[in-house]
Every structure is written in structure tokens, then in C-alpha cells.
Amino acid sequence: MSFSDNKGVFSLAVIGGGASGLVAAISAARTAQKNNKKINISIYEANPRVGKKILVTGNGRCNITNTNISPNCYFGSKDLFFGVYEHFDNNALIAFLEELGLKVKTDFAGRVYPLSNQAASVLDVLRYELLRLKINVVCDTKIVSLKKTARGFLLNDEFFADACIISTGGKAASVHGSDGSGFELLKPFNIKTTPIFPALTALCVENFTKALKGIRADGEIAIKCAGKPLLRASGEIQYTEYGLSGIPSMQVSRAASEQLLLNKGKDVFAVVDSAVSVSDEELKQFLLSFARNNPEMPGEMLLAGLMPKRLGATLMSDCSLSIEKSVKCINQGAFDKLVNAIKHKKYKISSVKGFNDAQVTAGGISAEEIDFNTLELKKVKGMYVCGEIADVDGTCGGYNLQWAFSSGYLAGQKSVMEI
Ligand SMILES: Cc1cc2nc3c(=O)[nH]c(=O)nc-3n(C[C@H](O)[C@H](O)[C@H](O)COP(=O)(O)OP(=O)(O)OC[C@H]3O[C@@H](n4cnc5c(N)ncnc54)[C@H](O)[C@@H]3O)c2cc1C
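Residues numbered from 1 in each chain as written. Predicted model: local features only at pLDDT ≥ 70, side-chain atom pairs only at ≥ 80, totals over all residues. Heavy atoms only, no water.

Engineer: Run through the overall build of the protein chain, naming residues and quoting values.
Structural biologist: Of regular secondary structure, the protein chain possesses 10 helices and 21 strands. Each of the 419 residues in the protein chain was classed as buried or not, and the buried ones make up 56%. Here the protein chain displays about 18400 Å² of accessible surface, and carbon together with sulfur accounts for 49% of that area. Charge separation in the protein chain, taken as the distance between the mean sites of 48 positive and 41 negative side-chain charges, equals 1 Å. (Helix = DSSP H or I, 4+ residues; strand = E, 2+ residues; numbered from the N terminus. Buried < 20%, exposed > 50% of the residue type's maximum accessible area, 1.4 Å probe, protein only. Areas by Shrake-Rupley, 256 points an atom, 1.4 Å probe, with all protein chains shown as cover. Lys, Arg positive; Asp, Glu negative; His and termini not counted. Charge placed at Lys NZ, Arg CZ, Asp CG, Glu CD.)

Okay, here's the thing in C-alpha cells:
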């Protein structure tokens, strides 16, 4: 056992060396230095190396944050997010990373990436800072038990710490280490969690038309349940063998996932608009006039200028229209049906891709358990939480890493200031 009181030095255990844990450890070490406090900081990481997930973020480019942070981009407890964000916002994050030597750039949508376009650059600068600050990194060490002692905490009945930070992530993408074990560690402490479910994932559609597999087409997806639109997003939709994928599917999957979990028995639909920039009436008039001017044209040419041919052919077939017969055979009523299929195609969602395919966990430690100013658990003195394990999740665009970094920074700082 490594008892801190042997040397009279305060010890802090950071459980989980992902985005939030790494920044928490750095922030704690810097705060201690600034305040002339002696402290031993250890990061316990289950993987052979820290920051494995960071390397796959943003398709290997790491979308660090976004210049447009707004309440619309967050779910779960927005109050918790903004309570923390005000201590360490996107500008503070960029300044923090630039100080470590990471130059960033911003794209047209406000997404911030490393100038190198390499997620590895983010991890490299964070790892060097751990080294510089002499933070103890203990890899290949999964923490499976956490006990409160008279003075602090005992991890795996082996490591002692005066304070600890739980930064184990949630349950999404367990291949990178976040397997939900953080929730298990909290069980003895009776900490309330909101229901967790996968978000930023793909949508599985009942009886999906296999012919659509492989198509990529611009469009908008709206999630509807009991006739109510819940969430919508547009961009390039990827049609797969099981349903809908791509950024818009990921963005709306949270609403579908939540409804399927909480509203069992109610049908949930993805309504796809494949011609977003025109109204139903404009589209109808366009198609009518095109068909009127080209009466002998085969049906398949009617939508050829609007969307990928295979998507057009499937929508025509859904309306019982022939792609071979000339368009003069199409009657007025069929045009209404076709416009409806193009702009309001309903797919019944059977499920969403699970935690293993999801980028983020929705739900987690309930905000009511957490002191917003310090991220300490109200019921357990000396235990702090940060990152995805808490009930905050964001849309695609750098919002989840911003939360991980902001919360990590605050938890690290406060865990030391409370000494
Ligand atoms: C493919 C993919 C792409 C993404 N891209 C982006 C993006 O570009 N921008 C963005 O904002 N967000 C992105 N995200 C989401 C973002 O990566 C996460 O929200 C963020 O990493 C969460 O940080 P965290 O520190 O809470 O958890 P994690 O990063 O998951 O880190 C948790 C760490 O704790 C370790 N651990 C878990 N349990 C234990 C235990 N019991 N003992 C010891 N160690 C443990 C894990 O091995 C892991 O290293 C992406 C996610 C995925 C899966």
C-alpha cells in the first residue's frame, strides 16, 4: 500500500486517463505548484497507454471544441455544463492547448482542430505535460474497487489516495476503455444516475430496403414520436444495410435512443427530406413541368437530376411508379405521392446502434449529486467527477471534448484547492 501520510504528502488518484482525466491531472498539478502545495498525483488507466480514444476522435483529426457553444448543443444537465463551462470555456481551452504548443485552426462550421490535422498531436502535448509535471502514470491498471477510508480512498485494496477524481468515461466505444466500470465503482456510494443510453450513433430501420445500401445523399432527418418532431439535422445521409448513418443520423440518434428506451411501445420514426431547399409545392411544380416538357422520358430520369439514381428509383418504386415507362403515364395524384416520398419519407426505427458503435453516452451521474462549482460529489467528500460519466452530452462538432476538458480542468483544480 502507498499511504500518503507516510511522507505527509497529499495524494490524488485520477481514475481513467482519457480526455477529462489527463486535463484533470495537469490542472491539479499546476494548481498545487501555483499554491506551493506538495502533492502526489497518479493516473490509473486500464489500457496500456493513456488517451487511446483521443486518437480516434474526429476521424483521427480530433475536433477539440467549437467556437459556437450554445445550449442547443448540449443535453442532459445543461445547467451542469454551463456551470462548469464558465470556469473554463472554449477560449480558455484553446489558450491552454496553445501554451502546450498545439496550434489550432477553425473550419467554416466553427469546429476547432489541431493545425496538424492529427489527433496524435493533442495527445502528444498532453502526455509531455504529464511528464513535465512529474505526474505518475500507472497503465494496465483497471480500478475495480473503490472504498472510503477514515482519511481518503482505497483503490483495488492496494493504492491509497486522499482524494480521487472519477474520469472513467461512460459506456460508449468500450474498445477504447470506457466500459461502464466507472458506474460500478460508484455503486457503494449510492450515487443517483439518470438512465444511460447510446448517442451519436446510427439508426436501424425496420424492414430496410437493402437496395439503398451504399448510397450517400444530402438530406434532413427528423425524429418523430407520436406525431411530435423531437430533433432534426441535415447533411450527408449514408444509407447502409441496416438503416441510416452519417452525421445527420448521429446528430438525431439521441432522441430516437431516448424514446426507444423511455417510451417503450411507442413507434419512433426517422422522417427523411431528400430535397431540403425546396418546398413541397415548388418540387411538385418542378417535376410536373419537367415531365410535361419531356413526356417520352423514362421514369428513372424524373429524379435523376435531384438525387442519386438508386435513391430516386427506390422512392419511385415505393410510390408504385415504373422507372422504365415514360413519364406521361404518371397521373397528378402520383406526383403528390412522389413529392411526399421525397420530402417526408418515413422510416420506422427498430433500434439504434448500441454503445459499442456510439460516440457518446447520454445520461450518467445525476447533476443533483454534484457540486457545480467544484465537481465534488455532495455525498462523498474528496471524490470528484468529470467527463462523460456525468449527465452531460453534446452533439457532434467538438462539444463532447469541450465538456471533458472543461470538467477535467475544474475537477483537477478544485480537488487541490480544497486541501
Ligand atoms: C470514434 C469517436 C470519435 C469521437 N470524436 C469526437 C470529436 O471529434 N470531438 C468531440 O468533442 N468528441 C468526440 N468523441 C467523444 C469524446 O471522445 C468523448 O466524449 C470524450 O473522450 C470523453 O472523455 P472522458 O475522459 O470522459 O472519457 P474517455 O475519453 O472515454 O476516457 C476514459 C478513460 O478511462 C479509462 N477507464 C475506464 N474505466 C476505468 C477503470 N475502471 N480503471 C482505470 N481506467 C479506466 C479508459 O480506458 C479511458 O482511457 C468521439 C468519440 C468516439 C468514440
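Now that the structure is up, let's keep going.
Engineer: Describe the site of the ligand, listing the residues and the values that go with them.
Structural biologist: As a structural note, the neighbourhood of the ligand is formed by 34 residues, with Ser20, Glu45, Lys53, Glu388 and Leu401 the closest of them. One nitrogen or oxygen atom from the main chain of Gly398 is found 3.4 Å from an oxygen atom belonging to the ligand. In the environment of the ligand, an oxygen atom lies 3.2 Å from a nitrogen or oxygen atom belonging to the backbone of Asn400. Notes on the ligand: free accessible area 1000 Å², of which the protein chains cover 95%. (Near = heavy atom within 4 Å. Polar contact = N/O pair within 3.5 Å; in protein donor to acceptor, adjacent residues only side chain to side chain.)

Engineer: Residues and numbers for the sheet that holds strand E20 (residues 383-385), please.
Structural biologist: Think of a sheet as strands paired side by side through backbone hydrogen bonds, with each pair either parallel or antiparallel. Strand order in this open sheet of five strands is E7-E2-E1-E11-E20, and the pairing throughout is parallel. In the strand order of this sheet, the two ends are held by strand E7 (136-138) and E20, each with one partner. Neighbour-to-neighbour, the strand axes of the sheet open up by a mean angle of 20 degrees, direction not taken into account. Sheet topology places strand E11 (residues 163-166) next to E20; three bridges connect them, and they run parallel. Paired with Ile165 across the strands is Tyr384, a residue of E20. Each of strand E1 (10-15), strand E2 (39-44) and E11 touches helix H1 (residues 19-34); the most contacted strand, E2, lies at about 175 degrees to it. (Pairing = 2+ DSSP bridges. Axes fitted to C-alpha atoms, helices over the stretch in contact; angles between N-to-C directions. Contact = heavy atoms within 4.5 Å.)

Engineer: Quick rundown of the packing of helix H7 (residues 280-293) against helix H9 (residues 332-343)? Include the residues and the values.
Structural biologist: Direction vectors running N to C along H7 and H9 enclose 130 degrees, while the axes themselves pass 10 Å from each other. On the basis of the axis angle, H7 is oblique to H9. Where H7 crosses over H9, the handedness of that crossing is right-handed. From H7, Asp280, Leu283, Lys284, Leu287, Leu288 and Ala291 reach across to H9, where they touch Gln332, Phe335, Asp336, Leu338, Val339, Ile342 and Lys343. The residue inventory of the contact of H7 with H9, partitioned by class, reads eight nonpolar, one polar and four charged. (Parallel < 35°, antiparallel > 145°, perpendicular 65-115°, else oblique. Left-handed = near helix turned anticlockwise from the far one by under 90°. Nonpolar A, V, L, I, M, F, W, Y, C, P; charged D, E, K, R; others polar.)

Engineer: Summarise the side chain of Asn156; cite the residues concerned and give the values.
Structural biologist: Considering the arrangement of structural elements, one finds Asn156 in the loop between strand E9 (153-155) and strand E10 (159-161). A polar side-chain atom of Asn156 sits 2.8 Å from the main-chain carbonyl oxygen of Lys142. Engagement of the side chain of Asn156 in a polar contact is seen with the backbone nitrogen of Val144, the distance being 2.6 Å. If we skip the residues at most four places from it in the chain, Asn156 touches Thr141, Lys142, Ile143, Val144 and Ser145.

Engineer: Just give me the short version of the pairing of E2, but keep the residues and values in it.
Structural biologist: Most of E2 sits out of view: five of its six residues are buried. Where E1 and E2 come together, six bridges link them in parallel fashion. Along E2, the bridge assignment pairs Ser11 with Asn40. As a crossover connection, the stretch from E1 through H1 into E2 is right-handed. (Right-handed = clockwise from strand over helix to strand, strands pointing away.)

Engineer: Report on the state of the cysteines, specifying residues and quantitative values.
Structural biologist: Summed over all chains, the structure comprises zero disulfides. The thiol of Cys139 is not disulfide-bonded; the next cysteine sulfur, from Cys386, is found 17 Å away. Cys139 sits in the partly exposed class, given a relative accessible area of 23%. Take Cys164: it sits in no disulfide, and the sulfur closest to it among the cysteines is that of Cys386, at 11 Å. (Disulfide = S-S within 2.5 Å.)

Engineer: I'd love a proper account of the nonpolar core, names of residues and values included.
Structural biologist: The nonpolar side chains of a soluble globular protein tend to be buried, and buried together. In terms of nonpolar packing, the biggest core is built from 84 residues, with Phe96, Leu126, Leu146, Leu155 and Met383 touching the most fellow members. Every residue in contact with Met383, bar those within four places of it in the chain, is listed here: Leu146, Phe153, Cys164, Ile166, Leu186, Phe189, Leu375, Glu376 and Leu377. (Core = buried A, V, L, I, M, F, W, Y, C linked by side-chain atoms within 4.5 Å.)

Engineer: Account for the sheet that holds strand E8 (residues 146-148), with residues named and values stated.
Structural biologist: In spatial order, the strands read E8-E9-E10; together these three strands make up an open sheet with antiparallel pairing. If you trace the sheet from one side to the other, it starts and ends with E8 and E10, each paired once. Taken over all neighbouring pairs, the strand axes of this sheet differ in orientation by 25 degrees on average, direction set aside. Where E8 lies against E9, three bridges are found, and the strand directions are antiparallel. Bridge pairing in E9 places Lys147 opposite Leu154.

Engineer: Help me get a handle on H9, residues and values and all.
Structural biologist: Here H9 contains 12 residues, and its C-alpha end-to-end distance of 17 Å stays within 8% of the 16 Å for a straight helix at 1.5 Å per residue. By the burial criterion, the buried members of H9 are Ala334, Phe335, Leu338, Val339, Ala341, Ile342 and Lys343. Check the buried side of H9 and you find it contacts strand E17 (268-273), H7, helix H8 (309-318) and strand E18 (345-352). (Expected span 1.5 Å × (residues − 1).)

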